[in-house]
Amino acid sequence: DTAVSQTPKYLVTQMGNDKSIKCEQNLGHDTMYWYKQDSKKFLKIMFSYNNKELIINETVPNRFSPKSPDKAHLNLHINSLELGDSAVYFCASSQDWQTDTQYFGPGTRLTVL
Amino acid sequence: KQEVTQIPAALSVPEGENLVLNCSFTDSAIYNLQWFRQDPGKGLTSLLLIQSSQREQTSGRLNASLDKSSGRSTLYIAASQPGDSATYLCAASHSGGGADGLTFGKGTHLIIQP
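Here goes a summary of the coordinates provided. On a predicted model such as this, the values are computed, not experimentally measured, just so you know.

Rules of the game
Residues numbered from 1 in each chain as written. Chains lettered and ligands numbered in written order. Predicted model: local features only at pLDDT ≥ 70, side-chain atom pairs only at ≥ 80, totals over all residues. Heavy atoms only, no water. Pairing = 2+ DSSP bridges. Helix = DSSP H or I, 4+ residues; strand = E, 2+ residues; numbered from the N terminus. Axes fitted to C-alpha atoms, helices over the stretch in contact; angles between N-to-C directions. Polar contact = N/O pair within 3.5 Å; in protein donor to acceptor, adjacent residues only side chain to side chain. Buried < 20%, exposed > 50% of the residue type's maximum accessible area, 1.4 Å probe, protein only. Salt bridge = Lys/Arg side-chain N within 4 Å of Asp/Glu carboxyl O.

**Some words on the sheet that holds strand S8 (residues 72–77) of chain B**
All names here are of chain B. Spatial strand order, S1-S3-S8-S7-S6: 5 strands in an open sheet with antiparallel pairing. Because the sheet does not close on itself, it has two edges, and the strands there are strand S1 (4–7) and strand S6 (56–59). Mean inter-strand twist for the sheet, computed between neighbouring axes without regard to direction, equals 15°. Bridge count for strand S7 (residues 62–67) against S8 is 6 bridges, and the pairing is antiparallel. Looking at S8, one finds that Asn 63 is bridged to Tyr 76.

Here you go:
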């Protein structure tokens, strides 16, 4: 039983393309997140989404947009991909962002050529 | 703005030793502090979560402590094993809002020599 799953695991694409990464959690959690782990392995939050309220980290370019069709899914859309977008993207979920453990997906390695 | 620092950045010890990983944070207004483990090419696995009102949490050979006033947390690993080799990350969940939900340190890369 995979708690938080992401697809695809690897994504290689050209600069300027638009791509999406899907995330699903079967834990019944109310809050989902997207994180970016750069080449230096530094992990930084991009978005959190709770009860249809989206909170965006101010440093995230507006080319990135999360979309949640339902509580169990939070997909990440990226427009006009740039070389600097190459990273590993992790989805996570928790019942309550204030007090509960976050459960992470396996990550999606995005390479922009 | 919350900043989380982990020392040391890397650590290599022989199997069987007890060891301590350190984490410090600049803003003491946290809801909790979490320790994660990341294996190469994998996602993060939660190890321990300490609520802001707690002083420590234990799970098996792992013990994590929290001192909010000094902005410090430690992860103690007893009787280390080669399978403990991984990168250990601490993260502070603080009251700045959801997008600041978890601020991570850069991790301690741990190698346990057989």
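**Describing the side chain of Gln 25 of chain A**
Mapped onto the elements, Gln 25 of chain A comes out in strand S3 (residues 19–25). One polar contact links the side chain of Gln 25 of chain A to the main-chain carbonyl oxygen of Lys 71 of chain A, over a distance of 3.3 Å.

**Quick look at the pairing of strand S4 (residues 31–37) of chain A**
Residue and element names in this part refer to chain A. Counting buried positions along S4 gives 6 out of 7 residues, so the element sits mostly inside the fold. Taken together, S4 and the strand that follows it, strand S5 (residues 43–50), pair antiparallel across an intervening segment of 5 residues, in which Lys 41 is found at a positive phi of about 70°. Pairing analysis gives 7 bridges linking S4 to strand S9 (residues 87–94), with the strands arranged antiparallel. Bridge assignment links Tyr 35 to a residue of S9, and that residue is Phe 90.

**Overview of the sheet that holds S3 of chain A**
All names here are of chain A. Taken in spatial order, the 4 strands of this open sheet run S1-S3-S8-S7, and their pairing is antiparallel. Single-partner strands in this sheet number two, and they are strand S1 (4–7) and strand S7 (64–70). With strand direction ignored, the average angle separating the axes of adjacent strands in the sheet is 20°. Two elements, S3 and strand S8 (residues 73–78), share 4 bridges in a ladder whose sense is antiparallel.

**What about the pattern of salt bridges?**
Here the structure, examined in full by the defined rule, presents 5 salt bridges over all chains. For Lys 71 of chain A, the salt bridge is made with Asp 30 of chain A, and the minimal N-O distance between the two is 2.9 Å. Remark: Asp 30 of chain A occurs in the loop between S3 and S4 and Lys 71 of chain A occurs in the loop between S7 and S8; sequence separation between them is 41 residues. Classification of Lys 71 of chain A by relative accessible area gives partly exposed; the value is 48%. Among the salt bridges present, the one from Arg 37 of chain B reaches Asp 39 of chain B, with a minimum N-O distance of 3.0 Å. A residue is classified by how much of its surface remains accessible, and Asp 39 of chain B, at 23% relative accessible area, is partly exposed. When salt bridges that share partners are traced, they join Arg 63, Glu 82 and Asp 85 of chain A into one network.

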